[in-house]
Amino acid sequence: MAKLTAIVAGGGIGGLATAAALAQRGWAVTVYERQDELRAVGAGIYIWENGLRVLEALGAFTQATENAFHGTHFEQRDNHGAIIDSAPVAGGNRLLTVPRSQLLAALKHICEQADVKIVTSTEVIGANARGELYFASGGSHTADLAVGVDGVWSKVRETLGLERSHEQTTEGAIRTMVSAAAGDFGPADVGKYIECWNGARRFLVTPVNSEQTYLALTCPDTDAPGCEMPVNKAAWRDSFPQWEHLIERIGEFPINWGVYSVTRCSAWSAGRTAIVGDAAHAQTPNLGQGGGMAMQNGLAMAVALEAVKDRRDIPDALEQWEESERDIVEHCQRWASLYGEVTYLPDEVRTRTIRGAMSDPWVAGQVFRAANHAPIGTVPPG
Ligand SMILES: Cc1cc2nc3c(=O)[nH]c(=O)nc-3n(C[C@H](O)[C@H](O)[C@H](O)COP(=O)(O)OP(=O)(O)OC[C@H]3O[C@@H](n4cnc5c(N)ncnc54)[C@H](O)[C@@H]3O)c2cc1C
């Protein structure tokens, strides 16, 4: 029997995970990427237990996590440098941080192993419900299945008419990487992920291996010095003098500034065309789960399509996939947005709010629900 065919718009984290998961299940898959090569946007990335399990299921874990940083605590600190909350990274609930480029390379590798064809410099400008993608260069391709994993500004989502809302937050982040040096962390700070607050500014320090540290400088887009490019080091030094040594090193690595998108859709598919990842369910980065959800949902879709033998069965399988996955994805979106609300509280109120919330087992359970979730298609440890 001829293989079922899939075409995927977007060669980011979600697109490659989806493509690999389909190809590993016997589909003939082609990925179309707009950039002239597969290139990660951003610097480092947090991968929680759920995402790590997906990487294991896909066979990308070893390469994606080689030399990764295994933090022992995720710590939040106030404007005086005092600890607000120090959440241990518990044994069965892993959290790793890696350079995004490493994660993308690992996903590309498993795509190549599964014979996924990756076509770069190809912009998708639309899709229809019959598994067809349209290209900026003219022309189109049709497959049994088309998937839009083309990010927050997804043309596939737009042309299928699936978008219910695309909200852009006022908060955004500068993301960059600095080289790591001995003595960067005091004795009490070694081995931790540390997020410091001061007013509506946040400074997140994330080692990603022994050589590099990922920095996220978050502020509202109304904070002109805060979002200035190139980075206004004096402004950030004033807010976070304890990290002056890292702030001084900013500049070696490309820098992105951007506000966040939250996308909500009426459905994740129309006919034989689906959307996955930020195209379907972008969220604010407060829980570090957008990439995890993109990979998890791509794998879940491939699993839901396992029983399909005929393209006519694809629309029903896609509906069942959405039904099984929507709840966890929307939960994660909701809680990521809720978490961001503390930004606009006065410092002391924010400290009390975070402390009270995170010491409440119910709240902690909601915040970490996605991380604790066993994604479809993965094998729980032990
Ligand atoms: C500040 C910040 C920090 C974050 N931190 C984390 C974190 O720690 N952990 C985590 O899990 N998530 C994190 N996220 C979220 C995560 O980055 C996204 O959820 C994830 O990248 C989504 O993957 P995706 O493949 O759906 O989209 P993308 O990564 O955006 O990939 C889309 C791909 O499609 C391509 N493309 C776009 N348009 C077209 C087109 N028209 N035709 C062809 N190709 C196209 C793009 O070039 C790109 O390669 C963070 C996000 C932000 C903003």
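The model shown is predicted, which means the values in this text are computed figures rather than measured ones. (Residues numbered from 1 in each chain as written. Predicted model: local features only at pLDDT ≥ 70, side-chain atom pairs only at ≥ 80, totals over all residues. Heavy atoms only, no water.)

Topic: the site of the ligand
Close to the ligand lie 31 residues, the nearest being Gly14, Glu33, Arg100, Val124 and Asp278. In the model, an oxygen atom of the ligand is placed 2.9 Å from a nitrogen or oxygen of the Tyr46 main chain. Interatomic distance of 3.3 Å between a backbone N/O atom of Gly290 and an oxygen atom of the ligand. For the ligand, whose accessible area on its own is 1000 Å², the fraction buried by protein is 87%. Put simply, the parts of the chain that give the shell around the ligand at least two residues each are helix H1 (13–23), strand S3 (44–48) and helix H10 (290–304). The element best represented in the shell around the ligand is H10, accounting for 4 residues. For the shell around the ligand, a count of residues per class yields 10 nonpolar, 14 polar and 7 charged. (Near = heavy atom within 4 Å. Polar contact = N/O pair within 3.5 Å; in protein donor to acceptor, adjacent residues only side chain to side chain. Areas by Shrake-Rupley, 256 points an atom, 1.4 Å probe, with all protein chains shown as cover. Helix = DSSP H or I, 4+ residues; strand = E, 2+ residues; numbered from the N terminus. Nonpolar A, V, L, I, M, F, W, Y, C, P; charged D, E, K, R; others polar.)

A few points about the sheet that holds strand S12 (residues 163–179)
Spatially, S5-S4-S13-S14-S15-S12-S16 is the arrangement adopted by the 7 strands of the open sheet, whose pairing is mixed. Only two strands of the sheet have a single neighbouring strand rather than two, namely strand S5 (83–88) and strand S16 (256–265). If you compare each strand with its neighbour and ignore which way they point, the axes differ by 20 degrees on average. Alignment of strand S4 (residues 73–77) against strand S13 (residues 192–198), held across 5 bridges, turns out to be parallel. Bridge pairing links Glu75 to Ile194 in S13. Where helix H11 (residues 314–340) meets the sheet, it contacts S4, S12, S13, strand S14 (201–207) and S16, and its direction lies at approximately 135 degrees from that of S16. (Pairing = 2+ DSSP bridges. Axes fitted to C-alpha atoms, helices over the stretch in contact; angles between N-to-C directions. Contact = heavy atoms within 4.5 Å.)

Let's talk about unusual backbone geometry
Pro230 follows Met229 through a cis peptide bond whose omega is -5 degrees. Turning to its location among the elements, Pro230 is positioned in the loop between helix H6 (224–227) and helix H7 (233–239). Positioned with a positive phi, Asn67 is a non-glycine residue whose angle comes to about 60 degrees. Tracing the backbone shows Asn67 in the loop between helix H3 (61–65) and S4. Owing to a relative accessible area of 60%, Asn67 belongs among the exposed residues under this scheme. (Buried < 20%, exposed > 50% of the residue type's maximum accessible area, 1.4 Å probe, protein only.)

Details of the nonpolar core
Of all hydrophobic cores here, the largest spans 85 residues; its most connected members are Leu103, Leu107, Leu133, Leu145, Met301 and Leu305. Here the element with the most residues in this core is H11; it accounts for 10 residues. Sequence-distant contacts of Leu133, that is, excluding residues within four places in its chain, are made with Ile7, Val8, Ala9, Tyr32, Val124, Gly126, Ala127, Gly139, Ser140, His141, Ala146 and Val156. (Core = buried A, V, L, I, M, F, W, Y, C linked by side-chain atoms within 4.5 Å.)

Topic: the pairing of strand S2 (residues 28–32)
Burial analysis of S2 places 4 of its 5 residues in the buried class, the great majority of the element. The sheet contact formed by strand S1 (residues 5–9) and S2 spans 5 bridges and is parallel. Within S2, the position partnered with Thr5 by the bridge is Ala28. Looking at chain direction, S2 and strand S7 (residues 117–119) are connected through 3 bridges and run parallel. Each residue of the ladder has a partner; that of Thr30, found in S7, is Lys117.

Brief notes about the environment of Gly44
Inspection of the secondary structure puts Gly44 in strand S3. As a C-alpha pair, Gly44 and Met177 span 133 residues in sequence and 7.4 Å in three-dimensional space. The contact partners of Gly44, leaving out residues within four places of it in the chain, are Val98, Pro99, Arg100, Met177, Val208 and Tyr214.

Structural notes on empty space enclosed by the protein
Counting across every chain of the model gives 1 cavity of 30 Å³ or more. As a volume, the largest cavity reaches approximately 30 Å³. In terms of lining, the largest cavity is formed by Thr263, Arg264, Cys265, Trp268, Ala280, His281, Arg326, Glu330 and Gln333. Within the residue set of the lining of the largest cavity, elements represented by two or more residues are S16, helix H9 (278–281) and H11. Its residues assigned to classes, the lining of the largest cavity comprises 3 nonpolar, 3 polar and 3 charged. (1 Å grid on protein atoms, 1.4 Å probe; cavity = no way out; pocket = protein on both sides within 12 Å on 5 of 7 lines; lining within 4 Å. Points joined across faces, edges and corners; volume = space filled by probe spheres on them.)

Examining the packing of aromatic side chains
Inspection of the entire model under this criterion finds 12 aromatic pairs. Between Trp236 and Phe240 the ring centres are 6.0 Å apart and the planes differ by 15 degrees, which places this aromatic pair in the stacked class. The exposure classification of Trp236 matches that of Phe240, with both residues buried. A ring pair is formed by Trp335 and Trp362, whose centres lie 5.8 Å apart and whose planes are at 70 degrees; its orientation type is edge-to-face. With a gap of 27 residues between them, Trp335 in helix H11 and Trp362 in helix H13 (residues 361–367) connect regions that are remote in the sequence. An aromatic cluster of at least three residues, connected via ring pairs, comprises Phe185, Phe203, Trp236, Phe240 and Trp243. (Phe/Tyr/Trp six-rings, centres within 6.5 Å; stacked < 30°, edge-to-face > 60°.)

Quick word on the sheet that holds strand S18 (residues 273–275)
Pairing is mixed in the open sheet, where 6 strands are placed in the order S7-S2-S1-S11-S18-S17. Both edges of this open sheet fall to S7 and strand S17 (269–270), since each of them pairs with a single strand only.

Any link to function would need more than the numbers given here.
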